[in-house]
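What follows is the residue order along each chain.
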Amino acid sequence: DINLIKNVSKEKCKDFTNQIPIKLLERIIILTTKEGDTILDPTMGSGSTGIACQNMNRNFIGIEMDKDIFKVAEDRLNNNIS
C-alpha cells in the first residue's frame with residue numbers, strides 16, 4: 001500500500017541516516033508473521049527491527065558486526081527507545 005509508505009514518519013536514531021521507520025517495520029511484521037514468531041535481522045544497525053518486534057510481541061535475533069553500532073542497538077532494545 002503506497003499510502004502506508006507516504007504516511008510513515010521519518011523518525012531517526014542519532015547518527016543513523018538510513019534507519020527504516022519503526023511504524024513501517026511494524027506493518028511489515030504484522031502482515032508477514034504472527035505473535036511469538038522469531039525474526040532475524042542479519043544487518044541490525046541501530047536495532048529498529050528489534051524495537052518493532054518488541055512492540056508486536058515477536059522474538060528477535062539481530063546481528064551487527066560493528067561493536068559501536070551494536071552498543072547503540074543494545075541500549076535501544078534494552079530501553080525500548082524508538
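This text follows the structure it describes.
Everything numeric in this text was worked out from a predicted model, so none of it was measured.

Comments concerning the pattern of salt bridges
On inspection of all chains with the given rule, the structure shows two salt bridges. Its salt-bridge partner being E26, residue K23 comes within 3.7 Å of it at the nearest N-O pair. Of this pair, K23 and E26 both sit in helix α2 (residues 22-32), three residues apart, which is roughly one turn of that helix. A relative accessible area of 53% means that K23 is categorised as exposed. Among the ionic pairs, K71 bridges to D75, the shortest N-O distance being 2.9 Å. Of this pair, K71 and D75 both sit in helix α4 (residues 67-79), separated by four residues, roughly a single helical turn.

Observations regarding the environment of T32
Considering the arrangement of structural elements, one finds T32 in helix α2. Judged by relative accessible area, T32 falls into the exposed class, the value being 60%. A polar contact is formed between the side chain of T32 and the backbone oxygen of I28, at a distance of 2.7 Å.

The rules behind the values
Residues numbered from 1 in each chain as written. Predicted model: local features only at pLDDT ≥ 70, side-chain atom pairs only at ≥ 80, totals over all residues. Heavy atoms only, no water. Salt bridge = Lys/Arg side-chain N within 4 Å of Asp/Glu carboxyl O. Helix = DSSP H or I, 4+ residues; strand = E, 2+ residues; numbered from the N terminus. Buried < 20%, exposed > 50% of the residue type's maximum accessible area, 1.4 Å probe, protein only. Polar contact = N/O pair within 3.5 Å; in protein donor to acceptor, adjacent residues only side chain to side chain.

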